[in-house]
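Spelled out from the first residue to the last, the chains are:
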Amino acid sequence: MMGTTPPGAANEQQAAAWVRGMFGGIAGKYDLLNHVLSFNMDRRWRRRLVQRVSEIVPAREARILDLCCGTGDVAIELEKFRGAPVLAADFCHPMLTTAAGKFEREHLRSGLFEADGLTLPLADGSLDAITIAFGFRNFVNYRRGLEEMRRVLKPGGITAILEFSQPKNVPFARLYDWFSAVLLPRIGGLVSGSRQAYSYLPESIRKFPNAEQLTTRMREAGFANVECELMTFGTVALHIGWK
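Residues numbered from 1 in each chain as written. Predicted model: local features only at pLDDT ≥ 70, side-chain atom pairs only at ≥ 80, totals over all residues. Heavy atoms only, no water.

**Quick word on the packing of helix H1 (residues 12-26) against helix H8 (residues 197-207)**
Alright, step 1. One way to put it is that H1 packs onto H8 with a least axis distance of 10 Å and a crossing angle of 125 degrees. Taken together, H1 and H8 sit at an angle that is classed as oblique. Here the hand of the crossing between H1 and H8 comes out left-handed. Of the residues in H8, those touching H1 at Trp18, Val19, Met22, Phe23 and Ile26 are Ala197, Tyr198, Tyr200 and Leu201. (Axes fitted to C-alpha atoms, helices over the stretch in contact; angles between N-to-C directions. Helix = DSSP H or I, 4+ residues; strand = E, 2+ residues; numbered from the N terminus. Parallel < 35°, antiparallel > 145°, perpendicular 65-115°, else oblique. Left-handed = near helix turned anticlockwise from the far one by under 90°. Contact = heavy atoms within 4.5 Å.)

Pasting the structure below:
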């Protein structure tokens, strides 16, 4: 599998258009549903991402990009935690509009721009770090996405990918599968108005490479010293790789 495979998409262009439209349709309810459906654990997962990246790249002048920033939560956490602005990019305009409103209300200086993670409008070796939270599995080509992130990093720079994974504990995995297949689409569909979006999202998690497989893919794309931290019984993994 090269990347995400939404329903009805026959090629990468159609898949990207479907994903962009899907996220655009749920942008207004995205934050609420993230908190509700994760039992507020999404805040803790993102906070761990911010803390870990800030430990590795402590300099306030470091250039950091939050890719697939969505409504901007990671970028907001990064600026507040580090006391310095970052860059934030997404290819879904309604998500960026929501993020811009949050940045304005928080009086933040981080810069937003619209861009596809497979073709970033950035020079080679221009960033110290890239974060991407729960967006990587929606790439239509995982290998190309990893290579593009590596291209724009400086030597010694890092990519930190926070993404869902598959728990290994069998009883918990069964409960997790039931929640994802039955409850999540119903609750997500009822609140957002898009049952299709919240059927696609858990299905995209099921199809996505597990933590070990993603570690291998990052190494194959040229990242070194790839490390993986599992959270919440293995449902979420934080991968960090160095250029």
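What follows continues from the structure just given.
**Re the pairing of strand S1 (residues 64-67)**
Consecutive residues of a regular strand have side chains that alternate between opposite faces of the sheet.
Alright, step 1. The two faces of S1 match: Ile64 and Asp66 on one face and Leu65 and Leu67 on the other face are all buried.
Alright, step 2. Pairing analysis gives 4 bridges linking S1 to strand S4 (residues 127-133), with the strands arranged parallel. Its bridge partner being in S4, leucine 67 is matched across the sheet by isoleucine 132.
Alright, step 3. As paired elements, S1 and strand S2 (residues 87-90) share 3 bridges and run parallel to each other. Bridge pairing links leucine 67 to alanine 89 in S2. (Buried < 20%, exposed > 50% of the residue type's maximum accessible area, 1.4 Å probe, protein only. Pairing = 2+ DSSP bridges.)

**Some thoughts on the sheet that holds strand S6 (residues 224-231)**
Alright, step 1. The strand order across the open sheet formed by 7 strands is S3-S2-S1-S4-S5-S7-S6, and the pairing between neighbours is mixed. Edge strands, defined here as strands with exactly one partner in the open sheet, are strand S3 (111-114) and S6. Within the sheet, the average angular offset between the axes of one strand and its neighbour, ignoring direction, is 15 degrees.
Alright, step 2. Here S4 pairs with strand S5 (residues 153-164) via 6 bridges, running parallel. The residue of S5 that forms the bridge with isoleucine 132 is isoleucine 161.
Alright, step 3. The strands touched by helix H5 (residues 93-106) are S2 and S3; relative to S3, the strand with the most contacts, the crossing angle is about 170 degrees.

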